[in-house]
Amino acid sequence: MRWRSAPGQDPSREPHIVDHKTRQTRSAPTEVVCVGEALWDLHAPAGIPLERAKLLRRVPGGGAVNTATALARLGVPSGLCAALGDDALGRGLRDELAAAGVDVGRLALGAARTGLVLVAVERGEARFVGYRQGELEARALAAALPERWQARVVHFTGIAPVRGATFALARAAARARREGCAVSVDVNARPRMWPRAGNTRPTGRARGLPAAGDGGAGVRGCFRLLEQADLVKCSAGDLAVLGTTARALRERLRAGATLVVTDGARDALVLGPDGERAVAPRPVRALAPTGAGDAFCAGMLAALVWQGRERWGDAALMLRAVARGHDVARAWVRKKRG
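The sections below set out a description of the structure shown in this document. Quantities reported herein were computed from a predicted structural model and do not represent experimental measurements.

Criteria and cut-off values
Residues numbered from 1 in each chain as written. Predicted model: local features only at pLDDT ≥ 70, side-chain atom pairs only at ≥ 80, totals over all residues. Heavy atoms only, no water. Salt bridge = Lys/Arg side-chain N within 4 Å of Asp/Glu carboxyl O. Helix = DSSP H or I, 4+ residues; strand = E, 2+ residues; numbered from the N terminus. Buried < 20%, exposed > 50% of the residue type's maximum accessible area, 1.4 Å probe, protein only. Pairing = 2+ DSSP bridges. Core = buried A, V, L, I, M, F, W, Y, C linked by side-chain atoms within 4.5 Å. Contact = heavy atoms within 4.5 Å.

Focus: the pattern of salt bridges
Right, on to step 1. For the structure on display, the rule yields 14 salt bridges.
Right, on to step 2. The salt bridge involving Glu 135 is made with Arg 139; its shortest N-O contact spans 3.3 Å. Of this pair, Glu 135 and Arg 139 both sit in helix H3 (residues 134-144), four residues apart, roughly one helical turn.
Right, on to step 3. For Asp 186, the salt bridge identified is with Lys 233, shortest N-O distance 3.7 Å. Placement of Asp 186 in strand S12 (residues 182-186) and of Lys 233 in strand S15 (residues 231-235) is noted, with a sequence separation of 47 residues between them.
Right, on to step 4. If you follow the salt bridges from partner to partner, you end up with Glu 37, Arg 132 and Glu 137 in one network.

Put into structure tokens, the structure is as follows:
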């Protein structure tokens, strides 16, 4: 695949990466574009609660950033479509990602402040305190979406259910499909940014959608996005936030799509056109559980990216992809980040 600028597109936004050894910028095709949140994670030292932490380690974070970074480490040319603040933190994050081999040509620097999330891991459990502008971030991301993707796969993750913004993402996914891209979505339903599951209607076509007047339009846009996907990954926690079940969610997807449901160290459930299967991960002692789901997605996409979209419904291929996802997530959580 070779990059060609879209009509009227600024050539300076062509895909480029910075070689981490030479610091030289060079053009490169992007096979997977990760769309969603980009922010800084501020990690407390391992075992130290946030209340007592005096030093915090700054690490690029956010679902789209984690997945794109993991893909680059796996040798898959990856890019990031996200919105950052036009500030020192935003520019610093952009430069660090470029140095890590991620194409930053689709990043937008704008008015929204660059997000921060404080992270502490105690007894294997992660605790988060976010300093985010959820609605502003979502609208800035919607404004940054390109007309053409020019990639094999477009992966959406860390989406906030903001009215209008989620419908823009669904339309962008539809454009990606028309362009021939495969579309994947990691639901990543953050409890503090999504309507409560208790406000959902459990039956009929609207199963899993919030009741009127409780952010329903934004979540409906998210479901429109899921309906464009060839692959949807969600956790058991995501299903709880959505107020739905794995089988009910699978019914809403395209006929040839696959839903992968993870549940921590338990088996992943794969629901595809040919039925349901389980794939067990290998045991692991998690030192850094933050971002494990993003690494899992990167492993799956690394196994799928070179396959044509029409093959993504193949059960054997998808089971191998899920097994690869487990392996990449296992390696990810064994590396300390605090």
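So, the pairing of strand S3 (residues 32-36)
Right, on to step 1. The element S3 is extensively covered by neighbouring structure, given that five of its five residues are classed as buried.
Right, on to step 2. Of the two faces of S3, both are covered, the one formed by Val 32, Cys 34 and Gly 36 as well as the one formed by Val 33 and Val 35.
Right, on to step 3. Relative to strand S6 (residues 78-81), S3 runs parallel, the two being bridged by four bridges. Paired with Val 35 across the bridge in S6 is Cys 81.
Right, on to step 4. As paired elements, S3 and strand S11 (residues 153-157) share five bridges and run parallel to each other. Following the sheet pairing, Val 35 is matched in S11 by Phe 156.

Regarding the environment of Arg 57
Right, on to step 1. Inspection of the secondary structure assignment puts Arg 57 in strand S5 (residues 57-61).
Right, on to step 2. The spacing of Arg 57 and Ala 44 is 13 residues in sequence and 6.6 Å in space, taken between C-alpha atoms.

Remarks on the nonpolar core
Right, on to step 1. Within the largest apolar cluster, 43 residues are counted, with the highest numbers of intra-cluster contacts made by Val 32, Leu 71, Leu 80, Leu 231, Val 260, Trp 312 and Val 322.
Right, on to step 2. Only S3, helix H1 (63-73), helix H2 (88-99), strand S17 (268-272), helix H8 (292-304) and helix H9 (315-333) provide two or more residues apiece to this core.
Right, on to step 3. Among the elements that line this core, the one with the most residues is H9, at eight residues.
Right, on to step 4. Residues contacting Val 322, with those up to four places away along its chain left out, are Val 260, Ala 268, Val 270, Val 279, Phe 296 and Met 300.
Right, on to step 5. Of all hydrophobic cores here, the second largest spans 40 residues; its members include Leu 145, Trp 149, Phe 156 and Ala 173.

Keep in mind that these numbers describe shape and distance, not what the molecule does.
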